[in-house]
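Spelled out, the chains give:
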Number of protein chains: 2
Amino acid sequence: MDKELLRQINQLHAEICGGLSDPKRIAILYSLADKPQSVNELAAALETPQPTLSRHLKILRERGMVTAERDGANIYYALADKRIIKALDLLREVLGDHLSKRSALAEAIS
Amino acid sequence: MDKELLRQINQLHAEICGGLSDPKRIAILYSLADKPQSVNELAAALETPQPTLSRHLKILRERGMVTAERDGANIYYALADKRIIKALDLLREVLGDHLSKRSALAEAIS
DNA sequence: GACAGATATTCGCACATGGGAATATCTGTA
DNA sequence: TACAGATATTCCCATGTGCGAATATCTGTC
């Protein structure tokens, strides 16, 4: 494959991952995986100011990770692809294993 | 689950994802998935200065995403968990689908 | 100890990111 | 048009991130 093209793909790949690299955005994605919601519904569910939600949703939208559909005055956001949640779940598993190893180590040491 | 505990877990989850949110680190992880390598081997393979590699490897190490094992003067890094690559592959698939949709749309429009 | 190779760290800088506050831009309705 | 609700954007600030350059810290060998 062309080296420059590969660089661009890795860049886009990293940007998608960057979409996941914030606790609030992770919460948003899991919440949207449960069901599509409007901005205000998300704001209530996640106890987060609406402008903050809008900014995070813009980031996720630009990366193609959520979809936005207008219904009257509301805009309903939805998870664009369930594989995003599968990826998050995998990484959460890795985190869990890593933590349990560390605490096992911590126990062994103390 | 305790709300504060959940916040901390989401924070760690986001930090792992942050480990993926850089093109060079993605290249490092894929390269290590192929085979464990020393820092200089990685530097040669990825055409990246050694100090840059060391800094990225530190980030991945701190998040438990790679392991480091000393062998003489060399330190061999390895992928800590194959699920990290599985997650990356899933996201790369999502990226691919998103791009092909966009270019299909671009064709349809033009 | 002296030296060379391998790896890690520090410094300085340019740039991106997240958030609160305020405001602007819609949309539907009277 | 006026108004209220929903969503998006902007400004400002504090903080984080990546990198080049230089330097420091190992490790093995003589």
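Please refer to the structure placed before this passage.
Every residue gets a number counted from 1 within its own chain, in the order that chain's sequence is written. Chain letters and ligand numbers both follow the written order, the letters beginning at A and the numbers at 1. Whole-chain, interface and lining totals are the exception, using all residues; otherwise, since this is a predicted model, local features are given only for residues with pLDDT of at least 70 and side-chain atom pairs are given and counted only at 80 or more. Excluded from the side-chain calculations are hydrogens and water; all other atoms, namely the structure's heavy atoms, are used.

Sorry, what's going on with the overall build of chain A here?
We count a stretch as a helix when DSSP gives it H or I for four or more residues in a row; a strand needs E for two or more, and each element gets its number in order from the N terminus. Secondary structure assignment for chain A yields 5 helices and 3 strands. Mapped from its N terminus to its C terminus, chain A presents α and β elements in the order α-α-β-α-α-β-β-α. Relative to a compact globule of 110 residues, whose C-alpha radius of gyration would be 13 Å, chain A shows 17 Å and is clearly more extended. When its C-alpha atoms are laid out on the principal axes, chain A stretches across 60 × 45 × 20 Å. By residue count, 38% of the 110 residues in chain A fall in the buried class. Restricting the calculation to C-alpha atoms gives the radius of gyration, and the globule rule supplies 2.2 Å times the number of residues raised to the power 0.38. Only protein chains enter the calculation, and the probe is 1.4 Å; a residue is then buried if its accessible area is under 20% of its type maximum, exposed if over 50%, and partly exposed in between.

Please explain the side chain of B:Arg83 as it appears in this structure.
With respect to the helices and strands, B:Arg83 occurs in helix 5 (residues 82–109). B:Arg83 gets classed as buried once you look at its relative accessible area, which sits at 19%. One polar contact links B:Arg83 to A:Asp97, side chain to side chain, over a distance of 2.5 Å. Looking at B:Arg83, its side chain comes within polar contact range of the side chain of B:Asp81, at 2.7 Å. When checking whether two residues touch, look at their non-hydrogen atoms; a contact exists if any pair is within 4.5 Å. Beyond its immediate stretch of four places on either side in the chain, B:Arg83 contacts A:Leu90, A:Glu93, A:Val94 and A:Asp97. Definition of a polar contact: a pair of N or O atoms within 3.5 Å, with one able to donate and the other able to accept a hydrogen when the atoms are protein atoms, and with sequence-neighbouring residues admitted only if both atoms are side-chain atoms.

I'm lost on the relation of the copies chain A and chain B in this one. Help?
Note on the chain copies: they are related by a rotation about an axis and a translation along it. For the pair chain A and chain B, the superposition axis carries a translation of 0.0 Å, the fit reaches an RMSD of 0.0 Å, and the rotation angle comes to 180 degrees. Overall, the copies show the geometry of a two-fold rotation axis. Among all C-alpha atoms of chain A, that of A:Ala87 lies closest to the rotation axis, at 2.2 Å. The share of interface residues of chain A whose copies in chain B are also at the interface is 100%, consistent with both copies meeting through the same surface. Residues below a pLDDT of 70 in either copy are left out; the C-alpha atoms of the rest, at least 70 in both, set the least-squares superposition of the copies.

What is the right way to look at the environment of B:Leu6 in this model?
Structurally, the position occupied by B:Leu6 is in helix 1 (residues 3–20). In this structure the C-alpha to C-alpha distance between B:Leu6 and B:Val66, which are 60 residues apart in sequence, comes to 25 Å.

Explanation requested: the protein's contact with DNA strand C in the structure shown.
Taken together, 25 residues form the shell around DNA strand C, and within it A:Arg25, A:Arg55, A:His56, B:Gln50 and B:Tyr77 come nearest. What makes a residue near a molecule or strand is one non-hydrogen atom of that residue sitting within 4 Å of it. Atoms of DNA strand C within 4 Å of the protein belong to the sugar or the phosphate in 62% of instances, the rest to bases. Note that a phosphate oxygen of DNA strand C is positioned 3.0 Å from one of the side-chain N or O atoms of A:Lys24. One of the side-chain N or O atoms of B:Gln50 is found 2.7 Å from a base nitrogen in DNA strand C.

I keep staring at the sheet that holds strand 3 (residues 74–79) of chain B and nothing clicks. Help me out?
Neighbouring strands of a sheet are bound in pairs by backbone hydrogen bonds; such pairs are parallel or else antiparallel. Residue and element names in this part refer to chain B. Here we have 3 strands laid out as an open sheet, ordered 1-3-2, and antiparallel in their pairing. Each edge of the open sheet is held by one strand with a lone partner, namely strand 1 (37–38) and strand 2 (66–71). Sheet topology places strand 1 next to strand 3; 2 bridges connect them, and they run antiparallel. Opposite Ser 38, over in strand 3, you have Tyr 76 as the bridge partner. The sheet contacts of helix 2 (residues 23–34) involve strand 1, strand 2 and strand 3, and relative to strand 3 the element is tilted by about 95 degrees. Pairing between two strands requires that DSSP report at least two bridges joining them. A fitted line through C-alpha atoms represents every axis, and for helices the fit uses only the stretch in contact; the resulting angles, taken between N-to-C directions, go from 0 to 180 degrees.

Any chance you could explain the protein's contact with DNA strand D here in plain terms?
In the vicinity of DNA strand D there are 25 residues, among which A:Asn40, A:Gln50, A:Tyr77, B:Arg55 and B:His56 approach most closely. What you see for DNA strand D is that sugar and phosphate hold 64% of its atoms within 4 Å of the protein. Note that a base nitrogen of DNA strand D is positioned 2.7 Å from one of the side-chain N or O atoms of A:Gln50. Secondary structure elements with two or more residues in the surface near DNA strand D: helix 3 (39–46), helix 4 (50–62) and strand 3 (74–79) of chain A together with helix 2 and helix 4 (50–62) of chain B. Under the scheme applied, nonpolar residues are Ala, Val, Leu, Ile, Met, Phe, Trp, Tyr, Cys and Pro; charged residues are Asp, Glu, Lys and Arg; polar residues are all the others, including Gly. Taken together, the residues that form the surface near DNA strand D break down as 9 nonpolar, 8 polar and 8 charged.

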